[in-house]
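Structural characterization, general
Chain by chain, the residues run as shown.
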Amino acid sequence: MPTQTSASVYRPSEVWRGRHQFTVLGHSDVRKTHGNGEFIRSGAFKVGGYEWQILCYPSGYDDEHNGHETVLLQLQVAMTPMDPNVVLEASGSIAIGDGSSSVSESESENDFCCMADFCHKYTNDEPAEGCRNLTISCLVGPDDSLTEVCSFEFQVVASKMTMTAARARLLALEQDMVVPPPSISWHLERLLETGVGSDVTFSVEDGEF
């Protein structure tokens, strides 16, 4: 008997990479005019067909992070609506330096004074993530400017949560279905009484069925 052969291929999702530099001029004045929970935003930029922005909270994201700079990478779901059946799995880093700092493809964020990493699954319901506890007072440049660089990569994957929810809905529908009781005995009785639909006749003693 010949050997039966087969083959399969695994093709990972395409990984998209991006980098954006956001410089805040007059940082000390921005902190005075933007209290805890208030933010400024960078210009919009596209990576992988999705639109993104950097959100900067100069005085802190919330009460827990009051006084500490927060920098978030936000997916602009209003501009590029997401399929609810997928998520964007992303990882990246936030690098912060004074206004003279600059990052290009050939340079390294290691030259910056402050770095923090983050990972997040971006969805319509959770479109922003980053670093919330940054101390940057010593990083502001002589001209009162601050540079924030976000480098990140992401891939589009199926949402296991959504798949589980869909399965749960299917099970709920199955539970709501009412299966009628079997009626084969009634149909057999009717067949014997009327003979309608039968193509075989049985002779039993003095009777025919």
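Throughout what follows, the structure given in this document is the object of discussion. Since we're looking at a predicted model, the values are computed, not measured.

If you tally the helices and strands in the chain, you get three helices and eleven strands. Counting the 209 residues in the chain, one finds 34% classified as buried. Within the chain, counting contacts between residues at least 6 apart in sequence, those at least 24 apart form 66% of the total. As displayed, the chain offers around 13,900 Å² of accessible surface, 53% of which is attributable to carbon and sulfur atoms.

Positive phi, normally seen in glycine, also occurs at Asp144, with a value near 65 degrees. Here Asp144 is to be found in the loop between strand E8 (128-134) and strand E9 (146-158).

For the rest of this paragraph, the subject is the environment of Val140. Inspection of the secondary structure puts Val140 in the loop between E8 and E9. Overall, the relative accessible area of 24% leaves Val140 in the partly exposed class.

Mapped onto the elements of the fold, Ser93 is located in strand E6 (residues 86-98). A residue is classified by how much of its surface remains accessible, and Ser93, at 11% relative accessible area, is buried. Not counting chain neighbours up to four residues away, the residues in contact with Ser93 comprise Met115, Ala116, Asp117, Phe118, Val149, Cys150 and Ser151.

Here strand E5 (residues 69-75) lies mainly inside the structure; seven of its seven residues are buried. A two-sided burial pattern is seen for E5, the buried positions comprising Glu69, Val71, Leu73 and Leu75 on one face and Thr70, Leu72 and Gln74 on the other. Relative to E8, E5 is paired through five bridges, and the arrangement is antiparallel. Among the inter-strand pairings, Gln74 is bridged to a residue of E8, identified as Ala128.

Here a ring pair, both rings aromatic, is described through the centre-centre distance and the interplanar angle of the planes. This structure, assessed with the given rule, holds eight aromatic pairs. Both rings, one in Trp52 and one in Tyr122, keep their centres 5.2 Å apart while their planes meet at 85 degrees; by these two values the pair is edge-to-face. Linking Trp52 in strand E4 (residues 50-57) with Tyr122 in strand E7 (residues 114-122), this pair joins segments that are 70 residues apart in sequence. A ring pair is formed by Trp52 and Phe154, whose centres lie 5.2 Å apart and whose planes are at 50 degrees; its orientation type is tilted.

Bringing the nonpolar core into the picture now. Core analysis: the largest hydrophobic core is formed by 30 residues, its most contacted members being Trp52 and Phe152. Among the secondary structure elements, those contributing two or more residues to this core are strand E1 (15-24), strand E3 (45-47), E4, E5, E6, E7, E8 and E9. Per-element tally for this core: the top contributor is E6, with five residues. Discounting chain neighbours no more than four positions away, the residues touching Phe152 are Trp16, Arg17, Gly18, Arg19, Phe45, Val47, Trp52, Leu73, Ser91, Gly92 and Phe118.

With that settled, the discussion passes to the pairing of E4. For a regular strand, side-chain orientation follows a simple rule: the groups alternate between the two sheet faces. Counting buried positions along E4 gives eight out of eight residues, so the element sits mostly inside the fold. Residues of E4 alternate between two faces, with Tyr50, Trp52, Ile54 and Cys56 on one and Glu51, Gln53, Leu55 and Tyr57 on the opposite face, all of them buried. Where strand E2 (residues 40-41) meets E4, two bridges bridge the pair, whose relative direction is antiparallel. By the bridge assignment, Arg41 is partnered in E4 with Leu55. Across three bridges, E3 lies against E4 in antiparallel orientation. Bridge pairing in E4 links Phe45 to Trp52. Count of turn residues in the E3/E4 antiparallel hairpin: two residues, of which Gly48 carries a positive phi of about 65 degrees. The pairing of E4 with E5 spans six bridges and is antiparallel. Bridge pairing in E5 links Ile54 to Leu73.

About the thresholds
Residues numbered from 1 in each chain as written. Predicted model: local features only at pLDDT ≥ 70, side-chain atom pairs only at ≥ 80, totals over all residues. Heavy atoms only, no water. Helix = DSSP H or I, 4+ residues; strand = E, 2+ residues; numbered from the N terminus. Buried < 20%, exposed > 50% of the residue type's maximum accessible area, 1.4 Å probe, protein only. Contact = heavy atoms within 4.5 Å. Areas by Shrake-Rupley, 256 points an atom, 1.4 Å probe, with all protein chains shown as cover. Pairing = 2+ DSSP bridges. Phe/Tyr/Trp six-rings, centres within 6.5 Å; stacked < 30°, edge-to-face > 60°. Core = buried A, V, L, I, M, F, W, Y, C linked by side-chain atoms within 4.5 Å.

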